[in-house]
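Commentary on secondary and tertiary structure
One letter stands for each residue in the lines below.
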Amino acid sequence: MSQTVAAAALAQSRLFRALTAETRQMLVDRGAEVRLAAEERLCAKGDKGDALYVILEGELEVGVTTAGGKQVRFAALGAGEVAGDMAVIDGGPRSADMTALRRTRLLRISRDALLDALTSEPPAMLALAGELVARLRATNAVVESAVLHDLGAKLARLLLDESGRGARAVQLTQVEMARRISVSREKLNRKLAALRDEGLIEMGRTGVKILDADGLEATVRRRDGD
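Residues numbered from 1 in each chain as written. Predicted model: local features only at pLDDT ≥ 70, side-chain atom pairs only at ≥ 80, totals over all residues. Heavy atoms only, no water.

**Description of the overall build of the chain**
So the rule is basically this: Here a strand is any run of E in DSSP of at least two residues, a helix any run of H or I of at least four, and the numbering for each starts at the N terminus. The buried label applies to any residue whose accessible area, calculated with a 1.4 Å probe on protein chains only, is under 20% of its type's maximum; exposed applies above 50%, and partly exposed to all values in between. Here a residue-residue contact requires only that any non-hydrogen atoms of the pair lie within 4.5 Å. The Shrake-Rupley method, run with a 1.4 Å probe, gives the accessible areas here. Residue values count only the displayed protein chains as cover.
Helix and strand counts for the chain come out as nine helices and 11 strands. Looking at the 226 residues of the chain, the share that counts as buried comes to 44%. Pairs at least 24 residues apart make up 70% of the contacts formed inside the chain by residues separated by at least 6 positions. As displayed, the chain offers around 11600 Å² of accessible surface, 50% of which is attributable to carbon and sulfur atoms.

Spelled out as structure tokens, the structure:
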């Protein structure tokens, strides 16, 4: 593992940048690198929360599968972000599954090492509280979207977010899009076709291109009842 890369990732992190460089280096020295292939699971809901993970490279999806087999995605975390922090703080079981969306490298930090760092530098505890609140807000947004938005609104919001309202193509695969809004690929295909027929998007080999961002925004507002 490149200690330089790991130290830089900790310095980027909202949680770990509150620590001194010396304490961050201690975490790097006590940490271990984990490598995942695309679609490889890091941990499952209910697993022991004995470590957290800092993403060095790649992307990690956090979510659950309902009793009916439906996948609910809470977040996709990228380089510099932290996964598994909630369980590692209280020592409880994992509250969600974590799966690599593509080849991913992580720094595993044990619960003991993390608690040593936090107790040695109390300001970092406030940073951790902020990180947990931000994660809770993001989860609440996912739940609200699932309750209030229909498929058209969720897809429109996903396309807008991924394109940044620009003209570039959204290069997510249909499998990835279906997973992110928790629908079957068949339903996604039908809704993409409907948005295309409305003149809001164009589908091609390079992905989905936004033709009318304002129209997609109107789709979101309409489904919200505004």
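**Some points on the packing of helix α6 (residues 151-163) against helix α8 (residues 185-197)**
What counts here: Think of each axis as a best-fit line through the C-alpha atoms, taken over the contacting stretch in the case of a helix, with angles from 0 to 180 degrees between the N-to-C directions. Roughly parallel here means an angle under 35 degrees, roughly antiparallel means over 145, roughly perpendicular means 65 to 115, and every remaining angle is called oblique. Gly falls in the polar group here, along with every residue not listed as nonpolar (Ala, Val, Leu, Ile, Met, Phe, Trp, Tyr, Cys, Pro) or charged (Asp, Glu, Lys, Arg).
It is the contact of α6 with α8, at a shortest axis distance of 10 Å, that shows an interaxial angle of 75°. It follows from the interaxial angle that α6 and α8 lie roughly perpendicular. Contacts between α6 and α8 pair Leu151, Gly152, Leu155 and Leu159 from the former with Lys187, Leu188, Lys191, Leu192 and Leu195 from the latter. Residues that form the contact of α6 with α8 fall into these classes: six nonpolar, one polar and two charged.

**A few points about the sheet that holds strand β6 (residues 82-83)**
Just so we agree on the cut-off: The rule for pairing is simple: two strands pair if DSSP sees at least two bridges between them.
What the four strands build is an open sheet, ordered β1-β8-β3-β6; its pairing is antiparallel. Only two strands of the sheet have a single neighbouring strand rather than two, namely β1 (32-36) and β6. Where strand β3 (residues 51-57) meets β6, two bridges bridge the pair, whose relative direction is antiparallel. Bridging from a neighbouring strand, Val54 pairs with Val82 of β6. Together, β3 and β8 (104-110) form the strand contacts of helix α4 (residues 111-120), whose direction differs from that of β8 by roughly 65°.

**A look at the sheet that holds strand β7 (residues 97-100)**
Strand order in the open sheet formed by four strands is β2-β7-β4-β5, and the pairing between neighbours is antiparallel. Edge positions in the open sheet fall to β2 (41-43) and β5 (71-77), since each of these has one partner strand only. For this sheet, the mean angle separating the axes of adjacent strands, direction not counted, is 30°. Of the strand pairs in this sheet, strand β4 (residues 60-65) and β5 are connected by six bridges, and their pairing is antiparallel. Bridge pairing in β5 links Leu60 to Leu77.

**Comments concerning α4**
Counted only if it meets this: The arc in question is traced by the directions running from the helix axis to the C-beta atoms.
Taken as a whole, α4 has its buried residues at Ala113, Leu114, Ala117 and Leu118. Seen along its axis, α4 keeps its buried residues to an arc of 130°; they face one direction. Facing away from the buried surface of α4 by more than 90 degrees, the exposed residues are Asp112 and Thr119.

**Looking at α6**
Rules: For a helix, the expected span equals 1.5 Å multiplied by the number of residues minus one.
A rise of 1.5 Å per residue sets the reference length of α6, with its 13 residues, at 18 Å; its end C-alpha atoms lie 18 Å apart and thus fit the reference within 8%. Among the residues of α6, Gly152, Ala153, Lys154, Leu155, Ala156, Leu158, Leu159, Leu160 and Ser163 are the ones counted as buried. Just downstream of α6, Gly164 is the residue with a positive phi angle, here 65°.

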